[in-house]
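The residues making up each chain are set out below.
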Amino acid sequence: MEKCSCYHSAPYQRIQPWTDKISDAQIENIKKNFASTKPMNDEPLAIKKDTSVQTEAPAPVERKGAISVLRHVNPYYTGYARIDNAITDALYGKSQELKDNVYDIMWNDLLRHNVHGLEEEDRTALISLGVQKAEYLAEQYMDDKTKASFMEAIRSVARIGMEGKRVSACKMEYNVKYAVGLDGNGHVHDDNMEAYLYAMEREAPDTYKTYQEIRKSSKNGEVDAAFFALHWAMKNLNLIAANRPGYQRHKDEQYEKLQKVKLDDTFSGADTSSKEKFIASIVEKLKMNQNLQQSFFMEQIMKMSKTTGTYLLGRQMVLSGKA
């Protein structure tokens, strides 16, 4: 693995007091030359009596405590409508706890960005663990039809994770979109820009080349290139319409190609009938794979064990009050 250079690997350094950085002679010199200044106020601090002020003690104010949720997991969208919308539909009407559990799996298991200290075999095994965690949740909280579509989408996300590229010792990049269009129901809509560029590349290759050059030209290249493509699209709507069938076939081929990506099977076949059996089967499978970082995966298992109830991730809450 490439040598890690992120903040996690920075060596611990003791904070040195400022007095340790100067000599005894310097300290004595500071004391000797320290100026004595007359106080700005000779009178002692006191609150003057005001006869107009009410002397009776005010009535006690009732102060209520408050329970606030410290953590809600943000939804994760890959930008691919047929994947994201299947997950959104499966979670529709479900508890916030279940949504938090599913999206935590997507963020931290399937498409983990920070992989500090993880070898590639650990990372792919973590993806396998994430798929099994999703299978357990689907078994507990979804009917058979919903479970089938949900797990197909989850495995698609896992395949995107398997195809991820390590851009440094500690960071991963995945073939996902970081800006997506959502409707009022939380459904993802495919970006029309892809259709524009598909038609431009085939019908006007020189223009497409210019688009790419603009995109790479400066820090504002992405925005400038988008306006360039939009301007071309408005003048060539007929070409875009003519290429729409080909674009749809292209999207289908992309999805079919994704389904052929092989998933890691380290934790496959875990017992999802109950939480206790699920965790026990994960522990057994971990013991059979001593090549993995045992401490890291045991930490993941402990988090699931400490969560009360049948969920795998606990919602963090705080009770606060004022005296």
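We now turn to the structure provided with this report. Here the structure is a predicted model, which means the values were calculated and not measured. (Residues numbered from 1 in each chain as written. Predicted model: local features only at pLDDT ≥ 70, side-chain atom pairs only at ≥ 80, totals over all residues. Heavy atoms only, no water.)

**Remarks on the overall build of the chain**
Next up, step 1: Of the regular secondary structure elements, the chain holds twelve helices and six strands.
Next up, step 2: In the chain, which comprises 323 residues, the proportion classed as buried is 35%.
Next up, step 3: Summarising the internal contacts of the chain: among those between residues at least 6 apart in sequence, 72% fall at separations of at least 24.
Next up, step 4: Of the roughly 21,600 Å² of accessible surface on the chain, 52% is carried by carbon and sulfur atoms. (Helix = DSSP H or I, 4+ residues; strand = E, 2+ residues; numbered from the N terminus. Buried < 20%, exposed > 50% of the residue type's maximum accessible area, 1.4 Å probe, protein only. Contact = heavy atoms within 4.5 Å. Areas by Shrake-Rupley, 256 points an atom, 1.4 Å probe, with all protein chains shown as cover.)

**Regarding the packing of aromatic side chains**
Next up, step 1: Inspection of every chain in the model, using the stated rule, returns seven aromatic pairs.
Next up, step 2: Ring centres 5.1 Å apart and planes at 20° place the aromatic pair Tyr136 and Phe278 in the stacked group. Remark: Phe278 occurs in helix H11 (residues 275–287) and Tyr136 occurs in helix H4 (residues 120–141); sequence separation between them is 142 residues.
Next up, step 3: The ring of Tyr198 carries Arg202 above its face, with NZ or CZ at 3.6 Å from the centroid. (Phe/Tyr/Trp six-rings, centres within 6.5 Å; stacked < 30°, edge-to-face > 60°. Lys NZ or Arg CZ within 6 Å of the ring centre and 35° of its normal.)

**Some remarks on the packing of helix H6 (residues 192–203) against helix H10 (residues 244–259)**
Next up, step 1: Two elements in contact, H6 and H10, have axes whose closest approach is 10 Å; the angle formed by their N-to-C orientations is 110°. The angle between H6 and H10 places the two elements in the roughly perpendicular class. H10 is crossed by H6, and the crossing has right-handed handedness. Residues Asn192, Glu194, Ala195 and Tyr198 of H6 pack against Arg244, Gly246, Tyr247, His250 and Lys251 of H10.
Next up, step 2: The class makeup of the residues in the contact of H6 with H10 is three nonpolar, three polar and three charged. (Axes fitted to C-alpha atoms, helices over the stretch in contact; angles between N-to-C directions. Parallel < 35°, antiparallel > 145°, perpendicular 65-115°, else oblique. Left-handed = near helix turned anticlockwise from the far one by under 90°. Nonpolar A, V, L, I, M, F, W, Y, C, P; charged D, E, K, R; others polar.)

**A closer look at the side chain of Arg159**
Next up, step 1: Take Arg159: it is sitting in helix H5 (residues 144–162).
Next up, step 2: Of note is the side chain of Arg159, whose polar atom sits 3.1 Å from the side chain of Gln259.
Next up, step 3: Of note is the side chain of Arg159, whose polar atom sits 3.1 Å from the backbone oxygen of Val261.
Next up, step 4: Beyond its immediate sequence surroundings of up to four residues, Arg159 is in contact with Leu258, Gln259, Val261 and Leu263. (Polar contact = N/O pair within 3.5 Å; in protein donor to acceptor, adjacent residues only side chain to side chain.)

**Considerations on the side chain of Lys147**
Next up, step 1: Here Lys147 is to be found in helix H5.
Next up, step 2: With relative accessibility at 18%, the residue Lys147 sits in the buried group.
Next up, step 3: Setting aside anything within four residues of it in sequence, one finds Lys147 in contact with Glu135, Ala138, Glu139 and Met142.

**As for the nonpolar core**
Next up, step 1: Counting residues in hydrophobic clusters, the biggest one holds 55 residues, and the most contacted among them are Ile87, Leu110, Phe150 and Phe297.
Next up, step 2: Of all the secondary-structure elements, those providing two or more residues to this core are helix H2 (81–91), helix H3 (96–110), H4, H5, H10, H11 and helix H12 (294–306).
Next up, step 3: Once residues within four sequence positions are removed from consideration, Phe297 is found in contact with Asp122, Ala125, Leu126, Leu129, Phe267, Leu286 and Leu292.
Next up, step 4: Tyr196, Ala204, Tyr208 and Ala229 belong to the second largest nonpolar core, which has 13 residues in total. (Core = buried A, V, L, I, M, F, W, Y, C linked by side-chain atoms within 4.5 Å.)

**Quick word on the environment of Thr272**
Next up, step 1: Here Thr272 lies in the loop between H10 and H11.
Next up, step 2: Exposure remark for Thr272: the relative accessible area of 12% places this residue in the buried category.
Next up, step 3: Distance from Thr272 to Gln140, taken between C-alpha atoms, is 8.0 Å for residues 132 residues apart in sequence.
Next up, step 4: Other than its neighbours up to four places away in sequence, Thr272 contacts Gln132, Glu135, Tyr136, Glu139, Gln140 and Phe278.

**Thoughts on the pattern of salt bridges**
Next up, step 1: In this structure the tally under the stated criterion is twelve salt bridges.
Next up, step 2: Salt bridges linked by common partners bring Glu135, Glu139, Lys147 and Arg155 together as one network. (Salt bridge = Lys/Arg side-chain N within 4 Å of Asp/Glu carboxyl O.)

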